[in-house]
Amino acid sequence: MALWRNVRFGVSAYLRNRTIKLSPRQRDYAWRDMANQDSLHLTYREARHSDYDAVMNIASVDTFRDGFDYLPAKFHQWVDDPEAIMLVAEAEDKVLGVNVCIITDGGASLLSKTSRIASELRGKKFYAKVMEEFDKTLMILNPGLLQLERHGTANVDRPYLLKYFSNRKDICLLDVMYFQGTSNEVLDSLETKDVLPSSPHPPVVPYQPSDMARLARPEFSQQILVDNFVFVDWDKYQLSASNLHLFSKRGVIIVVDTIEPTAKSLSFGGSYMTPRGRVYHVDVHCRDVALCQAHIKHHVGRACHEYEGMITFCVMLIDPCLKTTSKTFCVESLKLVHLPRDHRYVCFSFMERVRSEPGKPRL
């Protein structure tokens with residue numbers, strides 16, 4: 001971990017001198033026309049807690065993820081996290097962009113989490129330039145970072161975002177559905193009737209370290225997962241005992257079935273506040289209808305016991321065949337309201353975007 005701390009502590013000194021220069025003829029344009037300016041100097045530095053308001057002003061938190069944006073809840077956590085690299089781009093002391101990547105899997109992978117730029121600078125060419133400079137910065141700070149396996153996700157409805165990632169390899173598709181319910185009404189529904197099928201179904205229980213033996217069997221990875229990856233609030237990780245321990249420390253709820261000798265399902269849950277209220281993410285890894293419903297019920301019931309008022313459940317499935325039955329279950333059995341905001345995301349890996357020679361950035 002010393003390597004990653006050195007990256008963080010070395011960022012500020014280098015980035016204060018990094019600039020992007022556009023052409024000379026637009027120097028006098030207004031701020032709202034900055035994307036067309038001839039000479040715009042962006043300096044890069046590590047984000048600070050005091051940048052929160054400025055970042056929120058450019059982050060489109062009311063529309064990103066349909067208003068269910070995680071950035072307000074995660075910002076301060078990422079500033080302090082030694083495995084998160086969050087940079088801001090600014091000109092004349094005005095924050096105009098932010099980019100977040102996270103070192104995962106004990107230093108084996110680099111996750112491109114999110115990037116936002118101010119509305120006056122939104123333009124595909126400018127965005128590509130900012131992303132290139134960000135990668136150059138990472139390369140100069142520590143060339144080894146860009147040798148890591150790199151991951152990202154993108155909405156399939158926005159394919160233009162994918163062109164910024166060279167050497168991209170698509171891994172899988174993720175289906176995401178949104179449901180809403182008031183905690184006391186959902187609990188009443190759960191307590192007044194059995195919402196699961198009448199036939200016996202395998203119980204699902206909170207994960208214990210001893211369960212790793214059943215999850216580590218090759219059959220689980222081959223039959224349930226995609227290349228031994230799990231997704232926690234859409235972020236991709238290798239399935240490992242160390243990662244599951246890390247998730248537990250961060251307050252993620254992990255649920256597994258009791259099937260022997262190889263488990264058949266695994267799920268993750270957690271909550272954060274967004275501009276549109278509380279979100280509870282439910283990430284289900286299984287191929288069986290009854291098990292999928294048992295996992296969803298467990299997380300919905302737990303969330304409604306823990307939190308009061310309206311909760312939005314963001315249900316992610318790695319098996320698209322379970323989407324229709326899961327939607328019906330949430331609406332008819334759990335009495336949740338389905339929000340017409342279903343999305344499909346592509347998870348992909350990619351090599352570095354930078355094509356210039358390491359150590360010789362274009363200023």
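Calculation criteria
Residues numbered from 1 in each chain as written. Predicted model: local features only at pLDDT ≥ 70, side-chain atom pairs only at ≥ 80, totals over all residues. Heavy atoms only, no water. Salt bridge = Lys/Arg side-chain N within 4 Å of Asp/Glu carboxyl O. Helix = DSSP H or I, 4+ residues; strand = E, 2+ residues; numbered from the N terminus. Buried < 20%, exposed > 50% of the residue type's maximum accessible area, 1.4 Å probe, protein only. Pairing = 2+ DSSP bridges. Axes fitted to C-alpha atoms, helices over the stretch in contact; angles between N-to-C directions. Contact = heavy atoms within 4.5 Å. Phe/Tyr/Trp six-rings, centres within 6.5 Å; stacked < 30°, edge-to-face > 60°. Lys NZ or Arg CZ within 6 Å of the ring centre and 35° of its normal.

- The protein chain has the name Probable N-acetyltransferase 16 in an unreviewed UniProt entry, where Branchiostoma belcheri is given as its organism.

## Notes on the pattern of salt bridges
Moving on, step 1. Scanning the entire structure with this criterion turns up 18 salt bridges.
Moving on, step 2. Its salt-bridge partner being aspartate 342, residue lysine 323 comes within 3.8 Å of it at the nearest N-O pair. With lysine 323 in helix α10 (residues 323-333) and aspartate 342 in strand β14 (residues 337-350), this residue pair connects regions lying 19 residues apart in the sequence.
Moving on, step 3. On the basis of relative accessible area, aspartate 342 is assigned to the partly exposed category, the value being 22%.
Moving on, step 4. In the salt-bridge network here, residues are joined through shared partners; they are Asp175, Lys323, Lys327, Asp342 and Arg344.

## Digging into the pairing of strand β5 (residues 149-155)
As a general feature of sheets, a regular strand has side chains that alternate between the two faces.
Moving on, step 1. Of all seven residues in β5, five are buried; the element is thus mostly enclosed.
Moving on, step 2. Of the strand pairs in this sheet, strand β4 (residues 109-117) and β5 are connected by three bridges, and their pairing is parallel. In the sheet register, leucine 111 faces β5, and the bridge partner there is histidine 151.
Moving on, step 3. Taken together, the six bridges between β5 and β14 define a ladder with antiparallel strand orientation. Counterpart to histidine 151 in the pairing with β14 is serine 349.

## Regarding the sheet that holds strand β12 (residues 277-286)
Moving on, step 1. Across the sheet, which stays open at both edges, the twelve strands sit in the order β1-β2-β3-β4-β5-β14-β6-β13-β12-β11-β10-β7 with mixed pairing between neighbours. A single partner strand is all that each edge strand has here, and the edge strands are β1 (43-46) and β7 (204-206). Neighbouring strand axes in the sheet, compared pairwise and without regard to direction, differ in orientation by 25 degrees on average.
Moving on, step 2. By the bridge criterion, eight bridges tie strand β6 (residues 169-182) to strand β13 (residues 310-317) in an arrangement that is antiparallel. Following the sheet pairing, phenylalanine 179 is matched in β13 by phenylalanine 313.
Moving on, step 3. Sheet strands touched by helix α3 (residues 71-80): β2 (84-91), β3 (94-104), β4 and β11 (265-274). Its angle to β2, the strand with the most contacts, is close to 105 degrees.
Moving on, step 4. Along the sheet, helix α9 (residues 289-306) makes contact with β7, β10 (253-257), β11, β12 and β13, crossing β12 at roughly 155 degrees.

## Some details on the packing of aromatic side chains
Moving on, step 1. Overall, the coordinates contain nine aromatic pairs when judged by the stated rule.
Moving on, step 2. Arranged with centres 4.9 Å apart and planes meeting at 75 degrees, the rings of tyrosine 237 and phenylalanine 247 form a pair that is edge-to-face. Residue tyrosine 237 is found in strand β9 (residues 235-238), and its partner phenylalanine 247 is found in helix α8 (residues 241-249); the two are separated by ten residues along the sequence. Both residues of the pair, tyrosine 237 and phenylalanine 247, belong to the buried class.
Moving on, step 3. Aromatic pair tyrosine 280 and phenylalanine 313: ring centres 6.1 Å apart, planes at 55 degrees, arrangement tilted. Of this pair, tyrosine 280 sits in strand β12 while phenylalanine 313 sits in strand β13, placing them 33 residues apart in sequence. Each member of the pair, tyrosine 280 as well as phenylalanine 313, carries the same accessibility label: buried.
Moving on, step 4. Members of the aromatic cluster, joined through ring pairs, are Phe64, Tyr70 and Trp78.
Moving on, step 5. Lysine 113 extends its terminal NZ or CZ atom over the ring of tyrosine 70, reaching a point 4.5 Å from the ring centre.
Moving on, step 6. Over the ring of tyrosine 70 we find arginine 116; its NZ or CZ atom is 6.0 Å from the centre of that ring.

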